[in-house]
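The lines below spell out each chain.
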Amino acid sequence: MVQDACLRALKYFESFRARRGRAHAPGCSRSCATPLTARARSTRAGRNGVDETQHSGAVADEHPEAALLRADARESIGRALERLAPEFREVIVLRELEGLSYKEISDVTGVPVGTVMSRLSRARARLQEALT
């Protein structure tokens, strides 16, 4: 509504004639605040080239607090991974982040599958311990 009011105020500023000391912007705000029908919304979307119904969902889904908490969690996990011994960090990254199977991890690291499973179990336990 504020953007529409500002655009309207700028668009019609040349033709504005102050009456009885009224300001131009509040009048535009009141005009933009009136309830819009679905038809008026689609007309307005066509006029400014943006379909608000199509683009507003992505913004509404992303709550700032949730984004901050996710970023904080990523940072905490990254610090915890850095503190793991290299052999544990290697297997947990290959399994959890890269999605490799135990056999593929065994081939990459050059250790038996049983050792991969053992290291992965210990790596998960140490990572969980570091995060709590």
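An account of the accompanying structure is given in this report. Quantities reported herein were computed from a predicted structural model and do not represent experimental measurements.

1. Examining the packing of helix H7 (residues 102-109) against helix H8 (residues 113-131)
Packed helices, taken two at a time, are described by the angle their axes make and the gap between the axes. The interhelical angle for the contact between H7 and H8, taken along N-to-C directions, is 100°, at an axis separation of 9 Å. Comparing their axes, H8 and H7 come out roughly perpendicular. Of H8, the residues touching H7 (which contributes Tyr-102, Lys-103, Ile-105, Ser-106 and Thr-109) are Val-113, Val-116, Met-117, Leu-120 and Arg-124. Taken together, the residues of the contact of H7 with H8 sort by class into six nonpolar, two polar and two charged.

2. A closer look at the side chain of Arg-119
In this fold, Arg-119 is placed in helix H8. Summary of buried charges: Arg-119 has no salt-bridge partner, and the nearest side chain of opposite charge, Glu-90, is 4.8 Å away. Among residues more than four places away in sequence, those in contact with Arg-119 are Glu-87, Phe-88, Val-91 and Val-111.

3. Here we look at the pattern of salt bridges
Here the structure, examined in full by the defined rule, presents three salt bridges. With a closest N to O distance of 2.7 Å, Arg-79 and Glu-75 form a salt bridge. With Arg-79 and Glu-75 both in helix H5 (residues 64-83) and four residues apart, this pair spans about one turn of that helix. With relative accessibility at 38%, the residue Arg-79 sits in the partly exposed group. A relative accessible area of 48% places Glu-75 in the partly exposed class. For Arg-124, the salt bridge identified is with Glu-96, shortest N-O distance 2.4 Å. Highlighted residues: Arg-124 in helix H8 and Glu-96 in helix H6 (residues 86-97), separated in sequence by 28 residues.

Cut-offs applied
Residues numbered from 1 in each chain as written. Predicted model: local features only at pLDDT ≥ 70, side-chain atom pairs only at ≥ 80, totals over all residues. Heavy atoms only, no water. Axes fitted to C-alpha atoms, helices over the stretch in contact; angles between N-to-C directions. Helix = DSSP H or I, 4+ residues; strand = E, 2+ residues; numbered from the N terminus. Parallel < 35°, antiparallel > 145°, perpendicular 65-115°, else oblique. Contact = heavy atoms within 4.5 Å. Nonpolar A, V, L, I, M, F, W, Y, C, P; charged D, E, K, R; others polar. Buried < 20%, exposed > 50% of the residue type's maximum accessible area, 1.4 Å probe, protein only. Lys, Arg positive; Asp, Glu negative; His and termini not counted. Salt bridge = Lys/Arg side-chain N within 4 Å of Asp/Glu carboxyl O.

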